[in-house]
Amino acid sequence: MLESFEQGGLLILTEERFRAILNLLNEKQAVSVTELTQHLGASESTIRRDLTTLHRQGLLLKVHGGATALSSYLSHDHDMQTKHDLNQEEKRALAAHAAGMIENGDVVFLDAGTTTGLIPDYLTATDVTFVTNGLGHARALARTGCHVIQLGGEVKPVTEAVVGATALSELSRFNFTKGFFGVNGISLKAGYTTPEINEAAVKTQAMHRCRSCYVLADSSKFDTTATLTFAPLAEATILTTVGPHTYSVYANETTIIEVKKL
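Residues numbered from 1 in each chain as written. Predicted model: local features only at pLDDT ≥ 70, side-chain atom pairs only at ≥ 80, totals over all residues. Heavy atoms only, no water.

Novice: Quick rundown of the packing of helix α1 (residues 14-28) against helix α3 (residues 44-56)? Include the residues and the values.
Specialist: For any two helices packed against each other, the geometry comes down to the angle between their axes and how far apart the axes lie. Closest axis-to-axis distance for the α1/α3 pair is 11 Å, and the angle between their directions is 75°. When the interaxial angle is binned, α1 and α3 end up roughly perpendicular. Contacts between α1 and α3 involve T14, R17, F18, I21 and L22 from the first element and T46, D50, L51, T53 and L54 from the second. Among the residues making up the contact of α1 with α3, the classes are represented as five nonpolar, three polar and two charged. (Axes fitted to C-alpha atoms, helices over the stretch in contact; angles between N-to-C directions. Helix = DSSP H or I, 4+ residues; strand = E, 2+ residues; numbered from the N terminus. Parallel < 35°, antiparallel > 145°, perpendicular 65-115°, else oblique. Contact = heavy atoms within 4.5 Å. Nonpolar A, V, L, I, M, F, W, Y, C, P; charged D, E, K, R; others polar.)

Novice: I'd like a rundown of the pattern of salt bridges, residues and numbers included.
Specialist: Counted by the stated rule, this structure contains nine salt bridges. The closest approach of N and O atoms between E103 and K178, which form a salt bridge, is 3.3 Å. Separated by 75 residues along the polypeptide, E103 in the loop between α5 (88-100) and β7 (107-110) and K178 in strand β12 (residues 176-181) bring together distant segments of the chain. Two residues, K203 and D111, come together in a salt bridge whose shortest N-O distance is 2.5 Å. With K203 in helix α8 (residues 197-208) and D111 in the loop between β7 and β8 (129-132), the pair connects residues that are 92 residues apart, well separated along the chain. Take K203 and D111: they sit in the same class, and that class is buried. One network of salt bridges, in which partners are shared, links E103, D106 and K178. (Salt bridge = Lys/Arg side-chain N within 4 Å of Asp/Glu carboxyl O. Buried < 20%, exposed > 50% of the residue type's maximum accessible area, 1.4 Å probe, protein only.)

Novice: Any chance you could break down the packing of aromatic side chains for me, citing the residues and the numbers?
Specialist: Under the defined criterion, the tally for this structure stands at six aromatic pairs. Centroid distance F222 to Y250: 5.2 Å. Interplanar angle 70°. Geometry classified as edge-to-face. A residue pair is termed long-range when its members are at least 10 positions apart, and F222 in the loop between β15 (210-216) and β16 (225-226) and Y250 in helix α9 (residues 248-251) qualify at 28 residues. Here F222 and Y250 have matching classes, each one buried. Here a set of aromatic residues connected by ring pairs shows up, and it is made of F109, F174, F176 and F181. Above the ring of F230, the side-chain terminus of K203 is found at 5.2 Å from the ring centroid. (Phe/Tyr/Trp six-rings, centres within 6.5 Å; stacked < 30°, edge-to-face > 60°. Lys NZ or Arg CZ within 6 Å of the ring centre and 35° of its normal.)

Novice: Tell me about the sheet that holds strand β3 (residues 30-32), residues and numbers included.
Specialist: Strand order across the open sheet formed by three strands is β3-β5-β4, with antiparallel pairing between neighbours. The open sheet has two edge strands, β3 and β4 (61-63), and neither has a second partner. On average, each strand axis in the sheet is inclined to that of its neighbour by 20°, with strand direction left out of account. The pairing of β4 with strand β5 (residues 66-68) spans three bridges and is antiparallel. Residue L61 lies in a different strand from β5, and its bridge partner there is T68. Contacts from helix α2 (residues 33-40) reach β3 and β5, with the element oriented near 80° to β3. Sitting on the sheet, α3 touches β4 and β5, and the angle it makes with β4 is about 140°. (Pairing = 2+ DSSP bridges.)

Novice: Got a sec to walk through the packing of α1 against α2? Specific residues and values, please.
Specialist: At a minimum axis separation of 11 Å, α1 and α2 run at an interaxial angle of 125°. The orientation of α1 relative to α2 falls into the category oblique. When you trace α1 past α2, the crossing you get is right-handed. Listed contacts from α2 to R17, A20, I21, L24 and K28 of α1 are E35, L36, H39 and L40. (Left-handed = near helix turned anticlockwise from the far one by under 90°.)

Rendered as structure tokens:
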């Protein structure tokens, strides 16, 4: 028997909610619980129950704060709000650990992204120079009292990242002690990947200017491939969270630091 609930005078069947959730996920590749409650007019508890059922049926991957498609290939970027809502617990643990690795005297490249964007919340060092292509990152870093340089160039609205020829030209002048990078997918064959060519170019250029590179990746990023490779696995150390997933195959290719959730 199908469960149902009343919303705005309309009887919405569970089966119809399932179909709507999967259709939206097929379109966007990732959805948050908040987005689904607004889209379907359902309660959070109903949406969470639906996601659990669909996860158990093998139709999607339920993550903290929402769900992602089972597809291991990404051809486009998710919007900032959707990415922000997913896997918050993991992202905060990674950001806190990364912040603890930054020392006074460092010159740091901070890549655009929702996980790297949390690093300013946990900074303790203040005698640090940051260069970033993230608009929100620059604002947050400025509040820490550190020296902040915002790269110039074209702004990509979906991710609020600064990209393009101007950003690449400015990056070529810097030498960084450390760089912290976001990623859309990590795979043994393709390395570190992202869906957008201009962001890939900035990541590649910045990595080449860093003494040490760190990629912050929650568990959903592994065994996933996006359109463009911006670096091979060996070029960076991976920061990820301790969990049920095994990273032994990746540890043969690069260094992996597993971080406990906060």
